[in-house]
Amino acid sequence: MGTVDRLLKATEDIWASYHEKPFVQGLKYGTLDQKKFRSYIIQDYWYLMDYTKVFAIGVAKSKSVEVMKLFAKYIQAILDGEVNVHNGYMADFGITQEELDHTPIQQDNRSYTSYMLSVAYRGGEAEILTAIFSCAYSYEVIARKIVEECPSAPEHPMYVRWVRGYITPR
């Protein structure tokens, strides 16, 4: 059993609890309050901006072209993929750049991104990959479980882009 598999096995109760969160259940069944989703979209947009910077630091600290390309690929995927999904939702909700600029970043959001950036600045490739792993992995796992438990979830008019956006080809 590899390191990742051992770590996932050791934390399987934590991972399982993600699927029971009201936010995830609301996405799954299309019952999530749209005001909560709107707030999430704004906060997650700012999260993605810092998350992208972590990958950029990874490019700068890479010791091989292969790892540099991996980090660069994810920068492109975030900016041209996830951010575009958020931009679509922001347009739907009428969120302007001015509103974004005047919306404080919530403490839990800032704490998490500050942690990842700190690890990136202090560490090397392995530390950066470790810091980003849970986010990169969890969203896909959550989206796949949503679809597994509720096959109609990817068709919900409000949450379709979110669910489909995190179900990536294997």
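Here, every reference points to the structure presented above.
Description of the structure in this document. In this text the structure is predicted, and so the values were computed from the model without any measurement.

Turning our attention to the packing of aromatic side chains. Here the structure, examined in full by the defined rule, presents 18 aromatic pairs. Pairing Trp15 with Tyr18 gives two aromatic rings, centres 5.3 Å apart and planes at 70°, and the pair type is edge-to-face. Within this pair, Trp15 and its partner Tyr18 are both found in helix H2 (residues 12-18), separated by three residues, close to a single helical turn. On the basis of relative accessibility, which here comes to 13%, the residue Trp15 falls in the buried class.

A word on the packing of helix H4 (residues 34-61) against helix H8 (residues 125-149). At a closest axis distance of 10 Å, the pairing of H4 and H8 adopts a crossing angle of 150°. What the angle tells us is that H4 and H8 run roughly antiparallel. Between H4 and H8 lies a crossing whose hand is left-handed. Each of Tyr40, Asp44, Tyr47, Tyr51, Val54, Phe55, Ile57, Gly58 and Lys61 in H4 lies in contact with H8, whose residues at this interface are Glu125, Ile128, Ile132, Cys135, Ala136 and Tyr139.

Scanning the model with the defined rule gives ten salt bridges in all. Between Asp92 and Arg161 there is a salt bridge, with its nearest N and O atoms 2.3 Å apart. A residue pair is termed long-range when its members are at least 10 positions apart, and Asp92 in helix H5 (residues 65-93) and Arg161 in helix H9 (residues 160-165) qualify at 69 residues. When its relative accessible area of 28% is taken as the criterion, Arg161 is described as partly exposed. Among the ionic pairs, Arg164 bridges to Glu155, the shortest N-O distance being 2.6 Å. Exposure remark for Arg164: the relative accessible area of 44% places this residue in the partly exposed category.

A word on the side chain of Thr113. Along the polypeptide, Thr113 turns up in helix H7 (residues 107-122). Polar side-chain contacts of Thr113 include one of 3.3 Å to the backbone oxygen of Arg110. Apart from residues lying up to four places away in sequence, Thr113 is in contact with Tyr47 and Asp50.

Look at H7 against H8: their axes get within 8 Å of each other, and the N-to-C directions meet at 155°. Classified by the interaxial angle, the pair formed by H7 and H8 is roughly antiparallel. Here H7 runs over H8; the crossing is left-handed. Mapping the contact onto sequence places Tyr112, Tyr115, Met116, Val119 and Ala120 in H7 and Glu127, Ile128, Ala131, Ile132, Ser134 and Cys135 in H8. Residues of the contact of H7 with H8, tallied by class, amount to nine nonpolar, one polar and one charged.

Under the 1.5 Å per step criterion, the end-to-end length of H8 is 36 Å for 25 residues, consistent within 8% with the ideal 36 Å. Most pronounced at Ile132, the bend in H8 amounts to some 40°. Among the residues making up H8, those that are buried are Glu125, Ile128, Ala131, Ile132, Cys135, Ser138, Tyr139, Ile142, Ala143 and Ile146. Here the buried face of H8 lies against H2, helix H3 (22-29), H4, H5, H7 and H9.

Cut-offs used in this document
Residues numbered from 1 in each chain as written. Predicted model: local features only at pLDDT ≥ 70, side-chain atom pairs only at ≥ 80, totals over all residues. Heavy atoms only, no water. Phe/Tyr/Trp six-rings, centres within 6.5 Å; stacked < 30°, edge-to-face > 60°. Helix = DSSP H or I, 4+ residues; strand = E, 2+ residues; numbered from the N terminus. Buried < 20%, exposed > 50% of the residue type's maximum accessible area, 1.4 Å probe, protein only. Axes fitted to C-alpha atoms, helices over the stretch in contact; angles between N-to-C directions. Parallel < 35°, antiparallel > 145°, perpendicular 65-115°, else oblique. Left-handed = near helix turned anticlockwise from the far one by under 90°. Contact = heavy atoms within 4.5 Å. Salt bridge = Lys/Arg side-chain N within 4 Å of Asp/Glu carboxyl O. Polar contact = N/O pair within 3.5 Å; in protein donor to acceptor, adjacent residues only side chain to side chain. Nonpolar A, V, L, I, M, F, W, Y, C, P; charged D, E, K, R; others polar. Expected span 1.5 Å × (residues − 1). Bend = angle between axes of the 7 residues up to and from the residue.

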